[in-house]
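Descriptive analysis of the structure
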Amino acid sequence: MTGAQISLWKRFCKSARQYWWFYFMLLPGLIYIVVFRYAPMYGITIAFKNYSVFKGFDASPWVGFDNFTKLFGRAAFQRALYNNVIIGVEKLIFGFPLPIILSLMLNEVRKNSLKRTIQTAIILPNFISWIVINGLLFAMLGTNNGAIVGVMRFFGYVGEIPNLLADKEHFRAVILLSYLWKSGGYATIIYLAAIAGIDQSLYEAAEIDGAGRLQQLWHITLSSLRPTIVMLLIMRVGEVMNAGFDQIYAISNYLVVSVADIIETYVYTLGMESRKFSEATAAGLFINVIGLTLVLITNHIAKKIDPESGLM
Amino acid sequence: MKKTLCMLLALLMTLSLVPTFATADELPEITWMITGSGTTSDENNMVLQKIGEAIGAKVNVIQVAPGDEDVKLNALIAANTLPDLFVADLADAQQFINEGMLCPLDEFLSDNGSEILAQVGEKLPKMPANQMDGSIYMIPGASADFMENLNVRVDWLKKLGLEMPTDLDSLYNVLHAFTYDDPDGNGQNDTVGIVLTMAQTNQWENLFGAFGIPYNKPCQLEDGTVTSYFKHPHFLECIQYLRKLYQDGVMDPDFATMPAMTAHEKLWSGACGVYGFRDVGVTNNWYPGRYTFECPEDPSEIFGFAQITGPYGDCGSVAQYPKLTTGMVVASTCKNPDAVVRLINYLFTEEGDNLTYLGVEDVMYRWIDKEAGKYERLNEYVDDAVHRANGGFTYWMNMPEDNAQLRTMNALTQQGQAEQQLHAIDYPYITSTIEAETEYGTLLDQIVKEATAQLIVTKGDVEAEYKEFVTRWENEGGLEYEAEATAAYAAQVK
């Protein structure tokens, strides 16, 4: 151990003795993370094995990168990867700024009761499961008995009405819009909390200096939000390959599978329907490695631009 | 005070262990995974209790929605918590046997399987799964499966002055009239000619059959190649016919997204005029309990069966063969295989067969004329949902050849099955395992389903898209499947 390390260790021991009850309270969380987050990572080994449930992890033979070779050779995997990137990037591009915009707009609402009502209305969809949302979409968009079709027919429209849930051309838009509706509002909580923490005297000073509402928003609100935005962006970029299994599994069907099948749904097909646990793990590991790489790259870029930003 | 509370809590916790000790000496427990019939039965219902009493074991049932069996089983496999008893096909069974996942049943059969041996004893050694290492692993039902009928609302035909359709043109005319001519006479546009769903194979068999295609089965091409029905030379013609039905609005447009139960409900609610499904459900088991419109006592006043002949003279649904490649298997992790074999054996007995099909005698039903197969449901069990929630029909596995369903089937249903057997679409029934099917089967099947749905609705070039799907199917393991299946079938018929 170097001198610096010894000093760090000593400081930790001292702090642990002094604040032992805080460390004690930390213990359940640590145990949870170790048991449920790190220990299962041992399962990653089956991506490199010809895994048999009955032989177990250890007795299953190693096959190197065979599972990855097989996986990348499958046209369905290539299609899932392509869809995954498209849907993931779409969600990032449209889904990331939405809560920021909503937060800024909400912050400008001066009437508290109205602000709270809007906030509740946009946060609530987050608590509805994708299965229920799928039912709602079916009830609204179905060409047979759908509400929208009913309304259009009621007003005398006799033309063709596309079935958006079974139409390849529009299906990704349905995925994106339902995603924005469900999750757009929830992320505003963090931004509104960050906005609430901004020193009000900055606004007062800016007002005295003659800054308008837009200038205050740009130079004070958005500037103060920058570290929060960067941190959430880094975390969001890491999830870009998680294109939303719950949503797509619930809403997908044979007519749109070619534009909707993502890696996670493909992993489900491989693992749960075809019993190819090794290949499914390989696919899962692949997207997670990409996610980690993206986090590291984004973090690096963020720190280059602003050394105060970034996660680590 | 604290001390007293602690003592009290400790005492309560100790007492909670008592029932555990008490049950330890009670009945052995077994788990049984079955496919649900739309209504989930209450746990520990009357029928299950009776089964438990008969076999001397507590039976815990895992009921799975139709179509979800594989996913559920694979999840249980991944968790290493296999049910003791479940149904497997040959490809799965062979893999399970190689992995040591299945229990050899020979010694248990000789001790507890008298009915099994009496009814399917000769069949057991002929099953490929039972030829792998000389042990018996798979127990089949004694009877073949039912044929799929094309059920037509004859009351609607009568009302609209139409004849029973016999070919594709007359079927189209009937479907058109059923959709647009208000066949139920309620003045509303609330009916549709035919309901099809990708969630089930039953609905499609007779339509594909009219083109000589064994839907969802292998077919043999002129050069002897055994391949998927997807590559049948008339496949695209059938798709063109289905496209016409779709485009003209005479089939339900939600066919690709509709769950199986929703499709059934369209029949039960009187919204659909033609429905492909075994008449055993349509005119027997569901009739009249499941229907929400007024049903006369005689189902022939409502339903009849169509045999649709296609351009090449083909007609019917997929042929049914004696079960050699599918059956009940017992997990090697099962702690009470003797009790499981007792359960299977019980399902082969008349008592077990009647109980699982009709329910508890004199409580849920009573015989009017047992010899003639006439019975009546009692009290609240007249309602199908109540009957099934209490275990009626739920655990029935169609095991004995002379089973309760056959004995109690009404005349129309018997007639429908008899007629349909005259119109069976034959296919190469392969009784050995195809490795490529185990390896690629699910993925290939998904390509075919995707292709079928997509080709019916596409606005693009159907032939070009079909060719693309065929190429994809071939490249994803289809060619390997073809080579193996062709060789296996050639060896089998030699």
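Residues numbered from 1 in each chain as written. Chains lettered and ligands numbered in written order. Predicted model: local features only at pLDDT ≥ 70, side-chain atom pairs only at ≥ 80, totals over all residues. Heavy atoms only, no water.

This part takes up the overall build of chain B. Per the secondary structure count, chain B includes 19 helices and 15 strands. Principal-axis analysis of the C-alpha atoms gives chain B an extent of 80 × 55 × 55 Å. Evaluated residue by residue, chain B yields a buried proportion of 54% over its 494 residues. Partitioning the contacts of chain B with sequence separation of at least 6, the portion at a separation of at least 24 is 74%. Between the averaged position of the 31 positive side-chain charges in chain B and that of its 73 negative side-chain charges there is a distance of 5 Å. (Helix = DSSP H or I, 4+ residues; strand = E, 2+ residues; numbered from the N terminus. Buried < 20%, exposed > 50% of the residue type's maximum accessible area, 1.4 Å probe, protein only. Contact = heavy atoms within 4.5 Å. Lys, Arg positive; Asp, Glu negative; His and termini not counted. Charge placed at Lys NZ, Arg CZ, Asp CG, Glu CD.)

A few words on the sheet that holds strand β5 (residues 149–153) of chain B. Strand pairing in a sheet takes place through backbone hydrogen bonds and is either antiparallel or parallel in direction. Residue and element names in this part refer to chain B. The sheet built from four strands is open, its strands ordered β6-β9-β5-β10 with mixed pairing. Strands at the two margins of the open sheet, each flanked by one partner only, are β6 (192–194) and β10 (303–305). Mean inter-strand twist for the sheet, computed between neighbouring axes without regard to direction, equals 25°. With three bridges connecting them, β5 and β10 associate as antiparallel partners. Residue pairing for β10: Arg 153 is matched across the bridge by Phe 303. Lying over the sheet, helix α11 (residues 260–268) contacts β9 (272–277) and β10, oriented at roughly 130° with respect to β9. Set on the sheet, helix α17 (residues 411–421) makes contact with β5 and β10; between it and β10 the angle comes to about 15°. (Pairing = 2+ DSSP bridges. Axes fitted to C-alpha atoms, helices over the stretch in contact; angles between N-to-C directions.)

Turning to the domain arrangement of chain B, a few remarks are in order. Residue and element names in this part refer to chain B. Split by domain assignment, chain B resolves into domain 1 (4–144 + 323–402) and domain 2 (148–319 + 408–494). Taken over C-alpha atoms, the centre of domain 1 sits 31 Å from the centre of domain 2. Contact residues are listed per partner, giving 18 residues for domain 1 and twelve residues for domain 2. In this assembly, domain 1 packs against domain 2 so that about 1300 Å² is buried in total across both faces, 50% of it on carbon and sulfur atoms. Taken together, the links from domain 1 to domain 2 amount to one salt bridge. (Domains from an automatic or database assignment. Buried area = accessible area lost by both parts, 1.4 Å probe. Salt bridge = Lys/Arg side-chain N within 4 Å of Asp/Glu carboxyl O.)

Quick look at the layout of surface pockets now. Taken as a whole, the second largest pocket encloses approximately 1400 Å³ of empty space. Lining the second largest pocket are 37 residues, with Thr 143, Ile 161 and Asn 163 of chain A together with Tyr 246 and Pro 253 of chain B sitting closest to its centre. Within the residue set of the lining of the second largest pocket, elements represented by two or more residues are α9 (147–154) and α10 (168–183) of chain A together with α8 (168–180), α10 (235–247) and α18 (435–457) of chain B. The leading source of residues in the lining of the second largest pocket is α10 of chain B, at three residues. For the lining of the second largest pocket, the per-class residue count stands at twelve nonpolar, 13 polar and twelve charged. (1 Å grid on protein atoms, 1.4 Å probe; cavity = no way out; pocket = protein on both sides within 12 Å on 5 of 7 lines; lining within 4 Å. Points joined across faces, edges and corners; volume = space filled by probe spheres on them. Nonpolar A, V, L, I, M, F, W, Y, C, P; charged D, E, K, R; others polar.)

We now examine unusual backbone geometry. Residues and elements named next belong to chain B. Note the cis peptide between Tyr 287 and Pro 288, where omega equals 0°. Among the secondary structure elements, Pro 288 is positioned in the loop between α12 (279–285) and β10. One non-glycine residue, Asn 216, lies in the positive phi region at around 65°. By the element assignment, Asn 216 lies in the loop between α9 (205–209) and β7 (218–220). Positive phi values are uncommon outside glycine, yet Phe 393 reaches one of about 65°. Within the element layout of this structure, Phe 393 appears in the loop between α15 (384–389) and α16 (404–408).

Our focus in this paragraph is the pattern of salt bridges. If you walk through the whole model with that rule in mind, you get 24 salt bridges over all chains. For Arg 74 of chain A, the salt bridge is made with Glu 439 of chain B, and the minimal N-O distance between the two is 3.9 Å. With Arg 74 of chain A in the loop between α4 (66–73) and α5 (75–95) and Glu 439 of chain B in helix α18, this pair bridges two chains. Overall, Arg 74 of chain A belongs to the buried group, its relative accessible area being 6%. According to the relative accessible area criterion, Glu 439 of chain B is partly exposed, its value standing at 25%. Arg 213 of chain A is the salt-bridge partner of Glu 108 of chain A, the closest N and O atoms lying 2.6 Å from each other. Separated by 105 residues along the polypeptide, Glu 108 of chain A in helix α6 (residues 97–108) and Arg 213 of chain A in helix α13 (residues 213–238) bring together distant segments of the chain.

So, on to the pairing of strand β14 (residues 374–377) of chain B. Residues and elements named next belong to chain B. Bridging between strand β13 (residues 365–369) and β14 involves four bridges; their strand directions are antiparallel. Bridged to Asp 369 within β14 is Lys 374. Counting the residues between successive antiparallel strands, the hairpin from β13 to β14 contains four residues, one of them, Gly 373, with a positive phi of roughly 75°.

So, on to the interface of chain B and chain A. Often, the extent of an interface is quoted as the loss of accessible area on bringing the components together. Each side of the interface is counted separately: chain B has 37 residues, and chain A has 32 residues. Both faces considered, chain B and chain A share a buried interface measuring about 3000 Å² in area, 52% of it formed by carbon and sulfur atoms. At the junction of chain B and chain A, the tally comes to five salt bridges. At the boundary of chain B and chain A, one finds ten residue pairs in polar contact (both at pLDDT 80 or more). At the level of elements, α3 (69–78), α4 (90–98), α18 and α19 (462–493) of chain B are the ones that each hand at least two residues to the side of chain B that touches chain A. Here the element with the most residues in the side of chain B that touches chain A is α18 of chain B; it accounts for eleven residues. For the side of chain B that touches chain A, the class distribution of residues is 14 nonpolar, eleven polar and twelve charged. (Polar contact = N/O pair within 3.5 Å; in protein donor to acceptor, adjacent residues only side chain to side chain.)

Taken together, the side chains of Asp 106, Glu 107, Asp 111 and Asp 133 of chain B define an acidic patch exposed on the protein surface. If you trace the backbone, Asp 106 of chain B turns up in helix α5 (residues 106–112). (Patch = residues over 30% accessible without salt bridge, like charges linked within 9 Å, V, L, I, M, F, W, Y side chains within 5 Å. Areas by Shrake-Rupley, 256 points an atom, 1.4 Å probe, with all protein chains shown as cover.)

Another aspect to go through is α10 of chain B. Residues and elements named next belong to chain B. Between its first and last C-alpha atoms α10 spans 18 Å; for 13 residues at 1.5 Å apiece the expected length is 18 Å, and the two agree. Of the residues making up α10, those classed as buried are Phe 235, Leu 236, Cys 238, Ile 239, Tyr 241, Leu 242, Arg 243 and Leu 245. Where α10 is buried, its residues meet α8, α9, α18 and α19. (Expected span 1.5 Å × (residues − 1).)

Quick look at the side chain of Glu 450 of chain B now. By secondary structure assignment, the location of Glu 450 of chain B is in helix α18. Residue Glu 450 of chain B is classed as buried on the basis of its relative accessible area, which comes to 3%. For Glu 450 of chain B, the side chain forms a polar contact with the side chain of Arg 79 of chain A, separated by 2.9 Å. Leaving out residues up to four positions away in the same chain, Glu 450 of chain B has contacts with Arg 79, Tyr 254, Val 257 and Ser 258 of chain A together with Phe 469 and Arg 472 of chain B.

Before going further, it helps to spend a moment on the packing of α8 of chain B against α10 of chain B. Residue and element names in this part refer to chain B. Across the interface, α8 lies against α10 with an axial gap of 11 Å and an inter-helix angle of 15°. Between α8 and α10, the crossing angle belongs to the class labelled roughly parallel. Judged by the sense of rotation from one axis to the other, the crossing of α8 with α10 is right-handed. Contact residues: Leu 168, Leu 171, Tyr 172 and Leu 175 in α8; Tyr 241, Lys 244 and Leu 245 in α10. (Parallel < 35°, antiparallel > 145°, perpendicular 65-115°, else oblique. Left-handed = near helix turned anticlockwise from the far one by under 90°.)

Okay, the environment of Thr 262 of chain B next. Residue and element names in this part refer to chain B. Assignment of secondary structure puts Thr 262 in helix α11. According to the relative accessible area criterion, Thr 262 is partly exposed, its value standing at 28%. Spatially, the C-alpha atoms of Thr 262 and Thr 197 are 9.1 Å apart, while their sequence positions differ by 65 residues.

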